[in-house]
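Observations on chain architecture
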Amino acid sequence: MRKAASTAGEARSSFATLPTPARLKVFLVGDNRSTVGWGRGASLALGQLLSASFEITGRVTGDFFDLSTAEAGYVGTFMPARYYRHFRYLLLRRWRRSIAWYINLERLFGAQDFIAEDPAVSIDNLLAHKHRHPALSRIYDQAAEADLLVLDGDGDIIFTTPPRRVTLFLLAMIELGIRLKKPVFLVNAMISDCPLTGRNETTLAAAKRLLAQCRAVALRDPESLEYVQKEIPEAKSCLIPDSLFAWFSLYANGSSYPPLNGDFLLPHPEKDEYWGKLDFSQPYICIGGGALVGSQPDRAVRCYARLVDEVSQLGYRVYLTENDLPDSFLQRVAREKDLGIVPVDAPILMCGSVLAHARLFISGRYHPSIFASLGGTPCIFLASHAHKMGSLSRVLEYDVHRQFNAFPDDSEIAEIVSTARQYLEQGESLRARISHVAKLRSDEATELPALLKRHVNG
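Residues numbered from 1 in each chain as written. Predicted model: local features only at pLDDT ≥ 70, side-chain atom pairs only at ≥ 80, totals over all residues. Heavy atoms only, no water.

Next up on the list: the overall build of the chain. A tally of helices and strands in the chain yields 17 helices and 16 strands. A buried classification covers 55% of the 458 residues belonging to the chain. When the accessible surface of the chain is split by element, carbon and sulfur atoms take 52% of a total near 20,200 Å². (Helix = DSSP H or I, 4+ residues; strand = E, 2+ residues; numbered from the N terminus. Buried < 20%, exposed > 50% of the residue type's maximum accessible area, 1.4 Å probe, protein only. Areas by Shrake-Rupley, 256 points an atom, 1.4 Å probe, with all protein chains shown as cover.)

Along the chain, T161 connects to P162 via a cis peptide bond; the corresponding omega equals -5°. With respect to the secondary-structure elements, P162 resides in the loop between β6 (157-159) and α7 (165-179). Look at the link from H268 to P269: it is a cis peptide, with omega at -5°. Tracing the sequence through the fold places P269 in the loop between α10 (248-251) and β11 (284-290). In this structure, K181 takes a positive phi of about 60° despite not being glycine. Turning to its location among the elements, K181 is positioned in the loop between α7 and β7 (184-189). Backbone geometry at N188 places phi at a positive 55°, although glycine is not the residue there.

Another aspect to go through is helix α11 (residues 297-312). The terminal C-alpha atoms of α11 lie 22 Å apart, and with 16 residues this matches the ideal 22 Å at 1.5 Å per residue to within 8%. Inspection of α11 places A300, V301, C303, Y304, A305, L307, V308 and V311 among the buried residues, and these make up the whole buried set. Contacts from the buried residues of α11 go to β11, β12 (317-321), α12 (329-337), β14 (360-364), β15 (379-382) and α16 (410-445). (Expected span 1.5 Å × (residues − 1). Contact = heavy atoms within 4.5 Å.)

Turning to the side chain of S224, a few remarks are in order. Relative to the helices and strands, S224 resides in helix α9 (residues 222-231). Polar side-chain contacts of S224 include one of 3.0 Å to the side chain of H387. (Polar contact = N/O pair within 3.5 Å; in protein donor to acceptor, adjacent residues only side chain to side chain.)

With that settled, the discussion passes to the pattern of salt bridges. Inspection of the entire model under this criterion finds 25 salt bridges. Measuring nitrogen to oxygen at the nearest pair gives 2.8 Å for the salt bridge that ties R441 to E444. Taken together, the residues span about one helical turn, with R441 and E444 both in helix α16 at a distance of 3 residues. On the accessibility criterion, E444 (35% relative accessible area) is partly exposed. Each of the salt bridges in this network shares a partner with another, and the network as a whole consists of D124, E175, R179 and R209. (Salt bridge = Lys/Arg side-chain N within 4 Å of Asp/Glu carboxyl O.)

To continue, consider the pairing of β14. The buried fraction of β14 amounts to 5 of the 5 residues, a majority that puts the element mostly inside the structure. Residues L360, I362 and G364 of β14 are buried on one face, and the alternating residues F361 and S363, pointing to the opposite face, are buried as well. As judged from the 4 bridges shared by β11 and β14, these two strands associate in the parallel manner. In the strand pairing of β14, C286 is matched with F361. Considered for its hand, the β-α-β crossover made up of β14, helix α14 (residues 366-374) and β15 is right-handed. (Pairing = 2+ DSSP bridges. Right-handed = clockwise from strand over helix to strand, strands pointing away.)

Below, the discussion takes up the sheet that holds strand β5 (residues 148-152). Spatial strand order, β2-β1-β5-β7-β9-β10: 6 strands in an open sheet with parallel pairing. Among the strands making up the open sheet, the edge pair consists of β2 (55-61) and β10 (237-239). Averaged over neighbouring strand pairs, the angle between their axes works out to 20° when direction is ignored. Pairing of strand β1 (residues 25-31) with β5, which is carried by 4 bridges, proceeds in the parallel orientation. Counted as the bridge partner of V26 is L148 from β5. Sitting on the sheet, α7 is in contact with β1, β2, β5 and β7, with an inclination near 170° to β5. (Axes fitted to C-alpha atoms, helices over the stretch in contact; angles between N-to-C directions.)

Attention now moves to the packing of α14 against helix α15 (residues 388-395). Orientation of α14 relative to α15, taken along the N-to-C sense of each, is 25°, at an axis distance of 10 Å. Put simply, α14 runs roughly parallel to α15. Considering how the two elements wind past one another, α14 and α15 form a crossing that is right-handed. For the pair formed by α14 and α15, the contact residues are Y366, S369 and I370 on the first element and K388, M389 and L392 on the second. (Parallel < 35°, antiparallel > 145°, perpendicular 65-115°, else oblique. Left-handed = near helix turned anticlockwise from the far one by under 90°.)

This brings us to the sheet that holds strand β16 (residues 403-404). Strand order in the open sheet made by the 6 strands is β13-β12-β11-β14-β15-β16, with parallel pairing throughout. The open sheet has two edge strands, β13 (341-342) and β16, and neither has a second partner. Pairing between β14 and β15: 3 bridges, direction parallel. Counted as the bridge partner of I362 is I380 from β15.

Next up on the list: α14. Counting buried positions over the 9 residues of α14 gives 9, a clear majority of the element. Along α14, the residues that are buried comprise Y366, H367, P368, S369, I370, F371, A372, S373 and L374. At the exit of α14 stands G376, carrying a positive phi of roughly 90°.

If you want it as C-alpha coordinates, here you go:
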(Lines give C-alpha, C1' and ligand atoms only; values in the text may rest on other atoms or scores of the structure.)
Protein backbone atom coordinates (compact mmCIF):
# COMPACT_ATOMS: atom_id res chain seq x y z
CA MET A 1 0.00 0.00 0.00
CA ARG A 2 2.82 2.37 0.89
CA LYS A 3 4.54 1.53 -2.40
CA ALA A 4 1.38 2.30 -4.41
CA ALA A 5 0.79 5.52 -2.54
CA SER A 6 4.38 6.55 -3.13
CA THR A 7 4.09 5.81 -6.84
CA ALA A 8 0.87 7.78 -7.09
CA GLY A 9 2.45 10.63 -5.17
CA GLU A 10 5.43 10.63 -7.49
CA ALA A 11 3.10 10.72 -10.47
CA ARG A 12 1.21 13.68 -9.05
CA SER A 13 4.46 15.47 -8.26
CA SER A 14 5.78 14.80 -11.75
CA PHE A 15 2.55 16.10 -13.32
CA ALA A 16 2.61 19.22 -11.20
CA THR A 17 6.05 20.17 -12.45
CA LEU A 18 5.19 19.96 -16.15
CA PRO A 19 5.85 23.30 -17.82
CA THR A 20 2.78 25.42 -18.59
CA PRO A 21 2.47 26.07 -22.34
CA ALA A 22 3.29 29.68 -23.14
CA ARG A 23 0.30 31.74 -24.16
CA LEU A 24 0.27 33.15 -27.66
CA LYS A 25 1.25 36.81 -27.90
CA VAL A 26 -1.27 39.26 -29.38
CA PHE A 27 -0.66 42.63 -30.99
CA LEU A 28 -3.96 44.50 -30.49
CA VAL A 29 -4.68 47.28 -32.99
CA GLY A 30 -7.45 49.75 -32.17
CA ASP A 31 -7.56 49.78 -28.37
CA ASN A 32 -9.94 52.71 -27.87
CA ARG A 33 -9.64 52.94 -24.10
CA SER A 34 -7.46 56.00 -24.66
CA THR A 35 -10.44 57.91 -26.06
CA VAL A 36 -13.17 59.43 -23.88
CA GLY A 37 -16.17 58.14 -25.83
CA TRP A 38 -18.26 55.53 -24.04
CA GLY A 39 -17.27 53.03 -26.72
CA ARG A 40 -14.06 52.69 -24.71
CA GLY A 41 -15.97 50.14 -22.65
CA ALA A 42 -15.99 47.79 -25.65
CA SER A 43 -12.18 48.04 -25.90
CA LEU A 44 -11.83 47.25 -22.21
CA ALA A 45 -14.13 44.25 -22.61
CA LEU A 46 -12.21 43.05 -25.67
CA GLY A 47 -8.90 43.37 -23.85
CA GLN A 48 -10.28 41.32 -20.95
CA LEU A 49 -11.59 38.62 -23.30
CA LEU A 50 -8.24 38.34 -25.06
CA SER A 51 -6.19 38.47 -21.86
CA ALA A 52 -8.01 35.42 -20.50
CA SER A 53 -6.54 33.25 -23.28
CA PHE A 54 -3.63 35.22 -24.75
CA GLU A 55 -0.89 37.61 -23.70
CA ILE A 56 -1.34 41.11 -25.12
CA THR A 57 2.21 42.25 -25.76
CA GLY A 58 1.53 45.34 -27.88
CA ARG A 59 -1.21 47.84 -28.61
CA VAL A 60 -2.04 50.63 -31.02
CA THR A 61 -4.54 52.99 -29.43
CA GLY A 62 -7.51 54.42 -31.24
CA ASP A 63 -6.43 58.05 -30.90
CA PHE A 64 -3.35 57.23 -32.99
CA PHE A 65 -5.60 56.62 -36.03
CA ASP A 66 -6.70 60.20 -36.58
CA LEU A 67 -3.88 62.41 -35.27
CA SER A 68 -2.13 64.30 -38.06
CA THR A 69 1.16 64.54 -36.21
CA ALA A 70 4.65 63.31 -36.75
CA GLU A 71 4.23 60.72 -34.02
CA ALA A 72 1.00 59.47 -35.60
CA GLY A 73 2.73 58.87 -38.87
CA TYR A 74 3.83 62.04 -40.67
CA VAL A 75 7.09 61.27 -42.43
CA GLY A 76 9.60 63.63 -43.98
CA THR A 77 9.12 66.18 -41.18
CA PHE A 78 11.80 68.53 -39.90
CA MET A 79 10.74 68.42 -36.24
CA PRO A 80 13.31 66.50 -34.15
CA ALA A 81 11.93 63.14 -33.04
CA ARG A 82 12.50 63.93 -29.35
CA TYR A 83 9.79 66.62 -29.57
CA TYR A 84 7.09 64.43 -31.18
CA ARG A 85 5.62 63.33 -27.87
CA HIS A 86 5.22 66.91 -26.60
CA PHE A 87 3.71 68.09 -29.86
CA ARG A 88 1.22 65.22 -29.79
CA TYR A 89 0.18 66.33 -26.30
CA LEU A 90 -0.56 69.83 -27.61
CA LEU A 91 -2.72 68.50 -30.41
CA LEU A 92 -4.73 66.43 -27.97
CA ARG A 93 -5.71 69.52 -26.02
CA ARG A 94 -8.64 71.79 -26.80
CA TRP A 95 -6.45 74.31 -28.67
CA ARG A 96 -5.48 71.70 -31.27
CA ARG A 97 -6.99 73.73 -34.12
CA SER A 98 -5.12 76.87 -33.19
CA ILE A 99 -1.78 75.20 -34.02
CA ALA A 100 -2.97 73.33 -37.09
CA TRP A 101 -0.84 75.81 -39.03
CA TYR A 102 2.19 73.73 -38.04
CA ILE A 103 0.77 70.65 -39.76
CA ASN A 104 0.28 72.68 -42.93
CA LEU A 105 3.82 74.03 -42.63
CA GLU A 106 5.21 70.50 -42.38
CA ARG A 107 3.23 69.55 -45.47
CA LEU A 108 4.59 72.55 -47.33
CA PHE A 109 8.12 71.32 -46.66
CA GLY A 110 7.34 67.84 -47.97
CA ALA A 111 5.86 65.99 -45.00
CA GLN A 112 3.27 63.39 -45.79
CA ASP A 113 1.16 60.93 -43.87
CA PHE A 114 2.67 57.45 -43.98
CA ILE A 115 -0.88 56.19 -44.49
CA ALA A 116 -1.70 56.13 -48.21
CA GLU A 117 -4.77 55.02 -50.15
CA ASP A 118 -2.92 51.85 -51.09
CA PRO A 119 -2.16 49.81 -47.93
CA ALA A 120 0.92 48.35 -49.62
CA VAL A 121 2.32 51.86 -50.04
CA SER A 122 1.51 52.62 -46.39
CA ILE A 123 3.67 49.72 -45.23
CA ASP A 124 6.41 50.63 -47.69
CA ASN A 125 6.40 54.07 -46.03
CA LEU A 126 6.47 52.54 -42.56
CA LEU A 127 9.43 50.34 -43.41
CA ALA A 128 11.30 53.20 -45.07
CA HIS A 129 10.86 55.68 -42.20
CA LYS A 130 10.60 53.61 -39.03
CA HIS A 131 14.31 54.16 -38.26
CA ARG A 132 13.65 57.82 -37.39
CA HIS A 133 10.03 57.64 -36.22
CA PRO A 134 9.72 55.97 -32.80
CA ALA A 135 5.98 55.41 -33.18
CA LEU A 136 6.39 53.60 -36.50
CA SER A 137 9.25 51.58 -35.09
CA ARG A 138 7.10 50.53 -32.12
CA ILE A 139 4.31 49.38 -34.42
CA TYR A 140 6.68 47.28 -36.50
CA ASP A 141 8.51 45.78 -33.52
CA GLN A 142 5.30 44.91 -31.68
CA ALA A 143 3.83 43.28 -34.76
CA ALA A 144 7.04 41.35 -35.45
CA GLU A 145 7.25 40.04 -31.88
CA ALA A 146 3.62 38.93 -31.66
CA ASP A 147 2.22 35.55 -32.62
CA LEU A 148 -0.94 37.05 -34.08
CA LEU A 149 -2.51 40.43 -34.87
CA VAL A 150 -6.03 41.26 -33.71
CA LEU A 151 -7.65 44.37 -35.18
CA ASP A 152 -10.69 45.92 -33.50
CA GLY A 153 -12.73 47.12 -36.49
CA ASP A 154 -15.38 48.88 -34.38
CA GLY A 155 -17.53 51.12 -36.63
CA ASP A 156 -14.52 52.32 -38.59
CA ILE A 157 -14.54 50.43 -41.88
CA ILE A 158 -16.81 52.56 -44.04
CA PHE A 159 -15.89 52.98 -47.69
CA THR A 160 -16.23 56.75 -47.89
CA THR A 161 -14.97 59.22 -50.49
CA PRO A 162 -12.43 60.49 -49.64
CA PRO A 163 -11.37 57.44 -47.61
CA ARG A 164 -11.28 57.65 -43.83
CA ARG A 165 -7.78 57.52 -42.38
CA VAL A 166 -8.86 55.01 -39.76
CA THR A 167 -10.13 52.64 -42.47
CA LEU A 168 -6.86 52.93 -44.37
CA PHE A 169 -4.89 52.47 -41.15
CA LEU A 170 -6.66 49.20 -40.33
CA LEU A 171 -6.11 47.91 -43.85
CA ALA A 172 -2.43 48.85 -43.60
CA MET A 173 -2.08 46.86 -40.38
CA ILE A 174 -3.54 43.82 -42.15
CA GLU A 175 -0.95 44.35 -44.89
CA LEU A 176 1.80 44.52 -42.27
CA GLY A 177 0.67 41.31 -40.61
CA ILE A 178 0.55 39.48 -43.92
CA ARG A 179 4.07 40.64 -44.85
CA LEU A 180 5.32 39.41 -41.49
CA LYS A 181 3.54 36.09 -42.11
CA LYS A 182 1.45 36.49 -38.94
CA PRO A 183 -2.14 35.29 -38.51
CA VAL A 184 -4.38 38.36 -38.75
CA PHE A 185 -7.91 38.65 -37.36
CA LEU A 186 -10.42 41.46 -37.80
CA VAL A 187 -13.00 41.46 -34.98
CA ASN A 188 -15.86 43.61 -33.65
CA ALA A 189 -16.22 45.03 -37.13
CA MET A 190 -18.92 46.92 -38.94
CA ILE A 191 -18.30 47.12 -42.70
CA SER A 192 -20.39 49.28 -44.98
CA ASP A 193 -20.61 51.61 -47.94
CA CYS A 194 -21.05 55.27 -47.02
CA PRO A 195 -24.69 56.40 -47.07
CA LEU A 196 -23.59 59.97 -47.93
CA THR A 197 -20.82 59.58 -50.51
CA GLY A 198 -21.54 56.11 -51.84
CA ARG A 199 -19.01 53.33 -52.29
CA ASN A 200 -15.29 54.01 -52.66
CA GLU A 201 -14.35 51.28 -55.13
CA THR A 202 -10.61 51.74 -54.62
CA THR A 203 -10.81 51.21 -50.86
CA LEU A 204 -13.21 48.30 -51.29
CA ALA A 205 -10.78 46.65 -53.73
CA ALA A 206 -7.99 46.93 -51.16
CA ALA A 207 -10.29 45.49 -48.49
CA LYS A 208 -11.21 42.57 -50.76
CA ARG A 209 -7.56 41.65 -51.26
CA LEU A 210 -6.63 41.94 -47.60
CA LEU A 211 -9.69 40.55 -45.82
CA ALA A 212 -9.47 37.44 -47.98
CA GLN A 213 -6.05 36.81 -46.38
CA CYS A 214 -7.22 37.23 -42.78
CA ARG A 215 -7.59 34.03 -40.79
CA ALA A 216 -11.08 35.16 -39.78
CA VAL A 217 -13.27 38.26 -40.04
CA ALA A 218 -15.77 38.56 -37.17
CA LEU A 219 -18.59 41.01 -37.93
CA ARG A 220 -20.61 42.49 -35.09
CA ASP A 221 -23.96 42.78 -36.86
CA PRO A 222 -25.94 40.86 -39.51
CA GLU A 223 -25.93 43.64 -42.11
CA SER A 224 -22.14 43.77 -42.06
CA LEU A 225 -22.00 40.00 -42.40
CA GLU A 226 -24.38 40.10 -45.36
CA TYR A 227 -22.28 42.84 -46.96
CA VAL A 228 -19.04 40.88 -46.62
CA GLN A 229 -20.60 37.64 -47.80
CA LYS A 230 -21.82 39.43 -50.93
CA GLU A 231 -18.90 41.75 -51.70
CA ILE A 232 -15.95 39.82 -50.23
CA PRO A 233 -17.02 36.16 -50.41
CA GLU A 234 -13.41 34.99 -50.17
CA ALA A 235 -13.19 36.25 -46.57
CA LYS A 236 -13.72 33.73 -43.79
CA SER A 237 -16.52 35.76 -42.20
CA CYS A 238 -18.77 35.04 -39.26
CA LEU A 239 -21.08 36.88 -36.86
CA ILE A 240 -19.87 37.48 -33.30
CA PRO A 241 -21.60 40.26 -31.34
CA ASP A 242 -19.67 43.24 -30.03
CA SER A 243 -17.32 42.52 -27.14
CA LEU A 244 -19.19 44.95 -24.89
CA PHE A 245 -21.93 42.34 -24.54
CA ALA A 246 -19.40 40.31 -22.54
CA TRP A 247 -19.96 42.77 -19.68
CA PHE A 248 -23.51 41.49 -19.22
CA SER A 249 -22.64 39.90 -15.86
CA LEU A 250 -21.54 43.27 -14.47
CA TYR A 251 -25.06 44.68 -14.85
CA ALA A 252 -27.17 41.57 -14.34
CA ASN A 253 -27.42 41.87 -10.57
CA GLY A 254 -28.51 44.41 -7.99
CA SER A 255 -25.00 45.61 -7.21
CA SER A 256 -24.69 47.65 -10.39
CA TYR A 257 -27.11 50.50 -9.60
CA PRO A 258 -25.74 54.04 -9.90
CA PRO A 259 -25.42 56.03 -6.66
CA LEU A 260 -28.73 57.59 -5.65
CA ASN A 261 -26.96 60.94 -5.46
CA GLY A 262 -25.58 61.40 -8.97
CA ASP A 263 -23.00 63.94 -7.81
CA PHE A 264 -20.87 60.95 -6.79
CA LEU A 265 -20.16 60.10 -10.43
CA LEU A 266 -19.12 63.57 -11.59
CA PRO A 267 -15.51 63.62 -12.85
CA HIS A 268 -12.82 66.16 -12.07
CA PRO A 269 -13.08 69.11 -12.41
CA GLU A 270 -16.59 69.10 -10.94
CA LYS A 271 -18.57 71.86 -12.63
CA ASP A 272 -21.00 73.87 -10.54
CA GLU A 273 -23.61 73.73 -13.31
CA TYR A 274 -23.67 69.90 -13.09
CA TRP A 275 -23.96 69.77 -9.31
CA GLY A 276 -27.20 68.61 -7.72
CA LYS A 277 -28.92 67.75 -11.02
CA LEU A 278 -28.72 63.91 -11.05
CA ASP A 279 -31.04 62.04 -8.71
CA PHE A 280 -31.16 58.30 -9.40
CA SER A 281 -33.51 57.53 -6.54
CA GLN A 282 -36.46 58.11 -8.89
CA PRO A 283 -37.18 56.48 -12.30
CA TYR A 284 -35.59 58.37 -15.18
CA ILE A 285 -35.17 58.43 -18.95
CA CYS A 286 -31.84 59.09 -20.70
CA ILE A 287 -31.29 60.88 -23.99
CA GLY A 288 -27.91 60.63 -25.74
CA GLY A 289 -26.41 62.16 -28.86
CA GLY A 290 -25.15 60.72 -32.11
CA ALA A 291 -22.35 60.95 -34.66
CA LEU A 292 -24.48 62.76 -37.24
CA VAL A 293 -26.00 65.42 -35.00
CA GLY A 294 -22.66 66.45 -33.53
CA SER A 295 -21.61 67.88 -36.88
CA GLN A 296 -24.41 70.49 -36.72
CA PRO A 297 -24.48 71.58 -33.05
CA ASP A 298 -26.82 74.58 -33.41
CA ARG A 299 -29.42 72.54 -35.25
CA ALA A 300 -28.90 69.72 -32.78
CA VAL A 301 -29.56 71.99 -29.79
CA ARG A 302 -32.87 73.17 -31.27
CA CYS A 303 -33.95 69.65 -32.16
CA TYR A 304 -33.00 68.07 -28.84
CA ALA A 305 -34.60 70.86 -26.85
CA ARG A 306 -37.93 70.02 -28.50
CA LEU A 307 -37.30 66.30 -27.94
CA VAL A 308 -36.63 66.89 -24.24
CA ASP A 309 -39.81 68.95 -23.86
CA GLU A 310 -41.98 66.22 -25.36
CA VAL A 311 -40.30 63.28 -23.62
CA SER A 312 -40.66 65.09 -20.29
CA GLN A 313 -44.44 64.83 -20.72
CA LEU A 314 -44.15 61.09 -20.03
CA GLY A 315 -43.77 61.90 -16.34
CA TYR A 316 -40.19 60.77 -15.75
CA ARG A 317 -37.06 62.72 -14.96
CA VAL A 318 -34.99 63.23 -18.11
CA TYR A 319 -31.19 63.16 -18.03
CA LEU A 320 -28.75 63.72 -20.88
CA THR A 321 -25.75 61.49 -21.55
CA GLU A 322 -22.71 62.96 -23.30
CA ASN A 323 -21.58 59.71 -24.94
CA ASP A 324 -18.74 61.15 -27.02
CA LEU A 325 -17.00 64.49 -27.60
CA PRO A 326 -19.28 65.50 -30.53
CA ASP A 327 -22.20 65.22 -28.08
CA SER A 328 -20.96 68.35 -26.30
CA PHE A 329 -23.96 70.23 -27.73
CA LEU A 330 -25.94 68.45 -25.00
CA GLN A 331 -24.22 70.68 -22.45
CA ARG A 332 -26.06 73.62 -24.01
CA VAL A 333 -29.33 71.70 -23.93
CA ALA A 334 -28.74 70.84 -20.27
CA ARG A 335 -28.18 74.52 -19.38
CA GLU A 336 -31.19 75.66 -21.39
CA LYS A 337 -33.52 73.07 -19.86
CA ASP A 338 -31.87 72.90 -16.41
CA LEU A 339 -31.26 69.15 -16.74
CA GLY A 340 -28.77 66.78 -15.25
CA ILE A 341 -26.09 65.48 -17.61
CA VAL A 342 -23.66 62.57 -17.32
CA PRO A 343 -20.36 63.94 -18.71
CA VAL A 344 -18.41 62.11 -21.38
CA ASP A 345 -15.46 61.49 -19.07
CA ALA A 346 -17.40 60.00 -16.16
CA PRO A 347 -16.13 56.58 -14.97
CA ILE A 348 -17.09 54.10 -17.66
CA LEU A 349 -18.70 51.49 -15.41
CA MET A 350 -20.84 54.23 -13.87
CA CYS A 351 -21.82 55.40 -17.36
CA GLY A 352 -23.01 51.90 -18.15
CA SER A 353 -24.83 51.67 -14.83
CA VAL A 354 -26.81 54.86 -15.51
CA LEU A 355 -28.02 53.51 -18.85
CA ALA A 356 -28.59 49.94 -17.68
CA HIS A 357 -31.02 51.14 -14.99
CA ALA A 358 -32.83 53.85 -16.95
CA ARG A 359 -36.47 53.30 -17.88
CA LEU A 360 -35.69 54.19 -21.50
CA PHE A 361 -32.75 55.32 -23.65
CA ILE A 362 -33.04 57.44 -26.83
CA SER A 363 -29.89 57.96 -28.90
CA GLY A 364 -27.90 57.44 -32.07
CA ARG A 365 -24.97 55.84 -30.23
CA TYR A 366 -24.07 52.17 -30.70
CA HIS A 367 -22.15 51.15 -27.58
CA PRO A 368 -24.23 53.22 -25.15
CA SER A 369 -27.31 51.41 -26.51
CA ILE A 370 -25.58 48.11 -25.72
CA PHE A 371 -24.83 49.37 -22.21
CA ALA A 372 -28.54 50.12 -21.79
CA SER A 373 -29.52 46.69 -23.08
CA LEU A 374 -27.26 44.91 -20.59
CA GLY A 375 -29.68 46.00 -17.90
CA GLY A 376 -32.82 45.45 -19.99
CA THR A 377 -33.39 49.13 -20.79
CA PRO A 378 -35.46 49.52 -23.99
CA CYS A 379 -33.89 51.74 -26.64
CA ILE A 380 -35.25 54.05 -29.31
CA PHE A 381 -32.68 54.31 -32.09
CA LEU A 382 -31.76 57.49 -33.95
CA ALA A 383 -29.85 57.34 -37.23
CA SER A 384 -26.05 57.39 -37.28
CA HIS A 385 -23.28 56.64 -39.78
CA ALA A 386 -24.07 53.75 -42.12
CA HIS A 387 -26.34 51.02 -40.75
CA LYS A 388 -25.03 50.69 -37.20
CA MET A 389 -28.18 51.63 -35.26
CA GLY A 390 -30.67 49.86 -37.52
CA SER A 391 -28.60 46.69 -37.41
CA LEU A 392 -28.33 46.88 -33.62
CA SER A 393 -32.09 46.52 -33.37
CA ARG A 394 -31.66 43.22 -35.25
CA VAL A 395 -28.87 42.11 -32.94
CA LEU A 396 -31.17 42.83 -29.99
CA GLU A 397 -34.14 41.12 -31.70
CA TYR A 398 -36.57 44.02 -31.53
CA ASP A 399 -39.96 43.29 -33.09
CA VAL A 400 -39.77 46.46 -35.21
CA HIS A 401 -36.43 47.61 -36.63
CA ARG A 402 -37.26 51.31 -36.64
CA GLN A 403 -34.56 53.96 -36.89
CA PHE A 404 -35.65 57.57 -36.49
CA ASN A 405 -33.99 60.53 -38.15
CA ALA A 406 -30.87 61.88 -36.45
CA PHE A 407 -32.68 65.27 -36.42
CA PRO A 408 -36.28 64.19 -35.78
CA ASP A 409 -38.88 66.77 -36.77
CA ASP A 410 -42.05 67.41 -34.79
CA SER A 411 -43.96 64.52 -36.38
CA GLU A 412 -41.12 62.07 -35.70
CA ILE A 413 -40.75 63.34 -32.15
CA ALA A 414 -44.43 62.55 -31.67
CA GLU A 415 -43.75 59.03 -32.95
CA ILE A 416 -40.77 58.69 -30.63
CA VAL A 417 -42.91 59.68 -27.65
CA SER A 418 -45.62 57.25 -28.72
CA THR A 419 -43.09 54.43 -29.02
CA ALA A 420 -41.61 55.39 -25.66
CA ARG A 421 -45.02 55.21 -24.04
CA GLN A 422 -45.57 51.71 -25.46
CA TYR A 423 -42.22 50.50 -24.15
CA LEU A 424 -42.81 52.01 -20.71
CA GLU A 425 -46.22 50.41 -20.45
CA GLN A 426 -44.69 46.97 -21.04
CA GLY A 427 -42.58 47.49 -17.93
CA GLU A 428 -40.61 44.56 -16.54
CA SER A 429 -41.81 42.07 -19.14
CA LEU A 430 -40.05 44.01 -21.90
CA ARG A 431 -36.97 44.55 -19.76
CA ALA A 432 -36.75 40.82 -19.04
CA ARG A 433 -36.97 40.04 -22.75
CA ILE A 434 -34.23 42.53 -23.66
CA SER A 435 -32.04 41.26 -20.84
CA HIS A 436 -32.53 37.67 -22.03
CA VAL A 437 -31.38 38.57 -25.54
CA ALA A 438 -28.40 40.51 -24.15
CA LYS A 439 -27.40 37.39 -22.20
CA LEU A 440 -27.49 35.34 -25.42
CA ARG A 441 -25.32 37.93 -27.18
CA SER A 442 -22.95 37.86 -24.19
CA ASP A 443 -22.54 34.10 -24.47
CA GLU A 444 -21.78 34.50 -28.17
CA ALA A 445 -19.33 37.38 -27.64
CA THR A 446 -17.31 35.36 -25.14
CA GLU A 447 -16.66 32.75 -27.85
CA LEU A 448 -14.25 35.12 -29.60
CA PRO A 449 -11.03 33.73 -28.03
CA ALA A 450 -12.07 30.21 -29.02
CA LEU A 451 -12.58 31.41 -32.60
CA LEU A 452 -9.08 32.87 -32.70
CA LYS A 453 -7.56 29.68 -31.34
CA ARG A 454 -9.36 27.54 -33.92
CA HIS A 455 -8.10 29.66 -36.82
CA VAL A 456 -4.67 30.73 -35.61
CA ASN A 457 -2.96 27.82 -37.35
CA GLY A 458 -4.85 28.21 -40.62
